[in-house]
Amino acid sequence: MAPIKGFLFDLDGVIVDTAKFHFKAWQKLAAELGIHFDEADNEKLKGVSRKESLEKILEWGHTSLDAERFEAMMAKKNDWYLDFVKEMSADEALPGAKDFLAASLALKLRVGLGSASKNAELILNLLQIHDSFECIIDGTKITRSKPDPQVFSMGAEFLGIEPQSIVVFEDSQAGIEAARAGGFRSVGIGDPKILADAEIVISGLHQFSPTEIINKLNF
Ligand code: BG6
Ligand code: MG
């Protein structure tokens, strides 16, 4: 097995609990459009870009919007989302996330971010962890959404490491699919039933140290 040299982290739902804000904002928007939207629907939007998320919601509601209204709805959702984010403080990283990042860097592992979000830089700055990441591949840099592996492949290219030597940490089905499609090692964060395709699933970054994760993957 190739030695593990780097970690690529998803942001929403892995480093910070913003997944719940995305859910609330999409739910509010779906209600305004008269479309049913529940937690199971939301699971399918995790890791998916803002534009593709709205396309899916409209498809589920068997409806469509003209280009102008589509843009307006995306902006509205993002404004609501950012209202929640603005209330966040620097200590709202998920349990163990900041320590895990620090421990990874102390082990001289290469660390990058692979997120579909266009708000990633803003959130990393709010949490004061921007400098923990050697590369930040986010929604402003990619052209294809997870489950396409592009976001992680760009990270691997930046770090100059082969995918099989990089572990992807993901809370979404689309993200685990992307990691696997790109040839990366994968750690799911959340429910093992939902993330059944991940090599291992943990409840959060507080559960194990980076060394323990590497040992588990090498076992
Ligand atoms: C992902 C989230 O990280 O980013 C998705 O899991 C979200 O729910 C996507 O739609 C895009 O985020 P943003 O912040 O650009 O709307
Ligand atoms: Mg996520």
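Residues numbered from 1 in each chain as written. Chains lettered and ligands numbered in written order. Predicted model: local features only at pLDDT ≥ 70, side-chain atom pairs only at ≥ 80, totals over all residues. Heavy atoms only, no water.

**Describing the pairing of strand E4 (residues 166-170)**
Item 1. With five of its five residues buried, E4 lies for the most part within the structure.
Item 2. Direction of pairing for strand E1 (residues 6-9) relative to E4: parallel, over a ladder of four bridges. Within the sheet, the bridge partner assigned to Phe-7 lies in E4 and is Val-167.
Item 3. Two elements, E4 and strand E5 (residues 185-189), share four bridges in a ladder whose sense is parallel. Counterpart to Val-168 in the pairing with E5 is Ser-186.
Item 4. Traced from E4 through helix H8 (residues 173-181) to E5, the parallel crossover comes out right-handed. (Buried < 20%, exposed > 50% of the residue type's maximum accessible area, 1.4 Å probe, protein only. Helix = DSSP H or I, 4+ residues; strand = E, 2+ residues; numbered from the N terminus. Pairing = 2+ DSSP bridges. Right-handed = clockwise from strand over helix to strand, strands pointing away.)

**Concerning the coordination of the magnesium ion (ligand 2)**
Item 1. Within the protein, Asp-10 (OD), Asp-12 (O) and Asp-171 (OD) serve as the donor atoms for the magnesium ion (ligand 2), at 2.0 to 2.1 Å.
Item 2. Sequence spacing among the residues donating to the magnesium ion (ligand 2) works out to D-x1-D-x158-D. Taken together, the residues Asp-10 in the loop between E1 and helix H1 (19-32) and Asp-171 in the loop between E4 and H8 connect sequence positions 161 residues apart. (Donors = N, O, S within 2.8 Å, 3.2 Å for Na, K, Ca; no water.)

**Considering the pattern of salt bridges**
For side chains bearing opposite charge, pairing can occur when the charged atoms are close.
Item 1. Inspection of every chain in the model, using the stated rule, returns eleven salt bridges.
Item 2. For Lys-51, the salt bridge identified is with Glu-55, shortest N-O distance 3.1 Å. Taken together, the residues Lys-51 and Glu-55, both in helix H3 (residues 50-60) and four residues apart, mark about one turn of the helix.
Item 3. Between Glu-134 and Arg-110 there is a salt bridge, with the nearest N and O atoms lying 2.4 Å from each other. Note that Glu-134 is positioned in the loop between helix H6 (120-127) and strand E3 (135-137) and Arg-110 in strand E2 (residues 110-114), a separation of 24 residues in sequence.
Item 4. By relative accessible area, Glu-134 is classed as partly exposed at 39%. (Salt bridge = Lys/Arg side-chain N within 4 Å of Asp/Glu carboxyl O.)

**Structural notes on the site of ligand 1**
Item 1. Lining the immediate environment of ligand 1, one finds 15 residues, of which Asp-12, Arg-50, Ser-117, Lys-118 and Asn-119 sit closest.
Item 2. Arg-50 places a polar side-chain atom, nitrogen or oxygen, 2.8 Å from an oxygen atom of ligand 1.
Item 3. Within the side chain of Asn-119, a nitrogen or oxygen atom sits 2.7 Å from an oxygen atom of ligand 1.
Item 4. For ligand 1, the protein covers 97% of the area, taking 390 Å² as the surface of the free molecule.
Item 5. Taken together, the residues that form the shell around ligand 1 break down as three nonpolar, seven polar and five charged. (Near = heavy atom within 4 Å. Polar contact = N/O pair within 3.5 Å; in protein donor to acceptor, adjacent residues only side chain to side chain. Areas by Shrake-Rupley, 256 points an atom, 1.4 Å probe, with all protein chains shown as cover. Nonpolar A, V, L, I, M, F, W, Y, C, P; charged D, E, K, R; others polar.)

**Some details on the domain arrangement of the protein chain**
Item 1. Each assigned domain of the protein chain is listed with its residue range as follows: domain 1 (6-16 + 90-218) and domain 2 (19-85).
Item 2. For domain 1 and domain 2, the distance between their C-alpha centroids amounts to 24 Å.
Item 3. Facing 15 residues of domain 1, the contacting portion of domain 2 comprises 13 residues.
Item 4. Taken as a group, Asp-12, Asn-119 and Ser-145 account for 32% of the area that domain 1 buries against domain 2, more than any other trio of residues on that side.
Item 5. Along the contact surface separating domain 1 from domain 2 lie zero salt bridges.
Item 6. If one sorts the elements of the side of domain 1 that touches domain 2 by residue count, H6 sits on top with three residues.
Item 7. Across the side of domain 1 that touches domain 2, the residue classes tally to seven nonpolar, four polar and four charged. (Domains from an automatic or database assignment. Contact = heavy atoms within 4.5 Å. Buried area = accessible area lost by both parts, 1.4 Å probe.)

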